[in-house]
Amino acid sequence: MVIAEVQDLVKSYSSFELKNISFGLESGRITGFIGRNGAGKTTTIKAMLNMIHPDSGTVRYFGKPFLGNEADIKKRIGYSTGTVSWYPRKKIRDIVNIVKRFYDTWDEAAYRNYLDIFAIDEIKTPLELSEGMKVKVNLMLALAHKSEVLILDEPTSGLDPFSRNELLGVFTKLRNSGVTVFFSTHIISDIEKCADDIIYISKGQIIAAMPKADFIRQYSEPGETLEDTVLRLEGGGAHA
């Protein structure tokens, strides 16, 4: 079942353009949004969340248009970037007490569960956390209001390989619990490890949107890793 749908998004800037971006996110799957820096990943995600206003196109969640239903839909989706600047000297517990006031769907039991899953010490401050732990705090806040769809912009960027691998394991656990995960990255090996589906963007255009196995079958040459394939496509000036 398609739980989120982007149709013909266009956004023009003086030096960059999103060109008729269309794709869907399948419920209960991990979708990797892959492309080099500057390909249009963040612009697309911001348009999906009405953080920027596209020139044209539509976004739907749960069968409803985002525009006109934004408040209700945002209660059912979680969003996180790789880095967020919280109050550096406030305890995580105090930050949470501020954030949860914005959600009448806040689930205290779920919050406690994610504290345990992510091994977060709510007495610590952001200054005392590693970069990997900061990402986990962002995820916890994005999930604790009963999110059904998790939208993440470069969540593994800047993490060491061990923290990245651990986070990808978290994505798999979330998928197995029924959460739809959509995350952008330019680190292709992350997609290779955990994604069910791939959306590949290059120069503001969607080149492919399909299950990972189909992408590999269609685009990869014998003996190539997924990273090899995408690097070859980018080197050839991939566009469609």
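Residues numbered from 1 in each chain as written. Predicted model: local features only at pLDDT ≥ 70, side-chain atom pairs only at ≥ 80, totals over all residues. Heavy atoms only, no water.

A.B. asks: Explanation requested: the sheet that holds strand β3 (residues 30–34) in the structure shown.
C.D. replies: Strand pairing in a sheet relies on backbone hydrogen bonds. The paired strands run either parallel or antiparallel. Spatial strand order, β6-β7-β8-β3-β9-β10: six strands in an open sheet with mixed pairing. In the strand order of this sheet, the two ends are held by β6 (77–81) and β10 (205–211), each with one partner. The mean angle between the axes of side-by-side strands here comes to 15°, regardless of whether they run parallel or antiparallel. Of the strands in this sheet, β6 and β7 (149–153) touch helix α5 (residues 131–143), which is tilted by about 160° from β6. Along the sheet, helix α8 (residues 212–219) contacts β9 (197–202) and β10; its crossing angle with β10, the most-contacted strand, is approximately 115°. (Pairing = 2+ DSSP bridges. Helix = DSSP H or I, 4+ residues; strand = E, 2+ residues; numbered from the N terminus. Axes fitted to C-alpha atoms, helices over the stretch in contact; angles between N-to-C directions. Contact = heavy atoms within 4.5 Å.)

A.B. asks: For this particular structure, what's the right way to read the nonpolar core?
C.D. replies: Considering soluble globular proteins, one finds that nonpolar side chains tend to be buried as a cluster. Ranked by internal contacts, the top residues of the largest apolar core, which has 48 residues, are Met140, Phe171, Phe183 and Phe215. The element contributing the most residues to this core is α5, with eight residues. Phe215 has contacts with Ile198, Tyr200, Ala208, Met210, Ser220, Leu226, Thr229, Val230 and Leu233, leaving out every residue within four places of it along the chain. Judged by nonpolar contacts, the second largest core, of 28 residues, contains Ile21, Ala47, Val59 and Ile199. (Core = buried A, V, L, I, M, F, W, Y, C linked by side-chain atoms within 4.5 Å. Buried < 20%, exposed > 50% of the residue type's maximum accessible area, 1.4 Å probe, protein only.)

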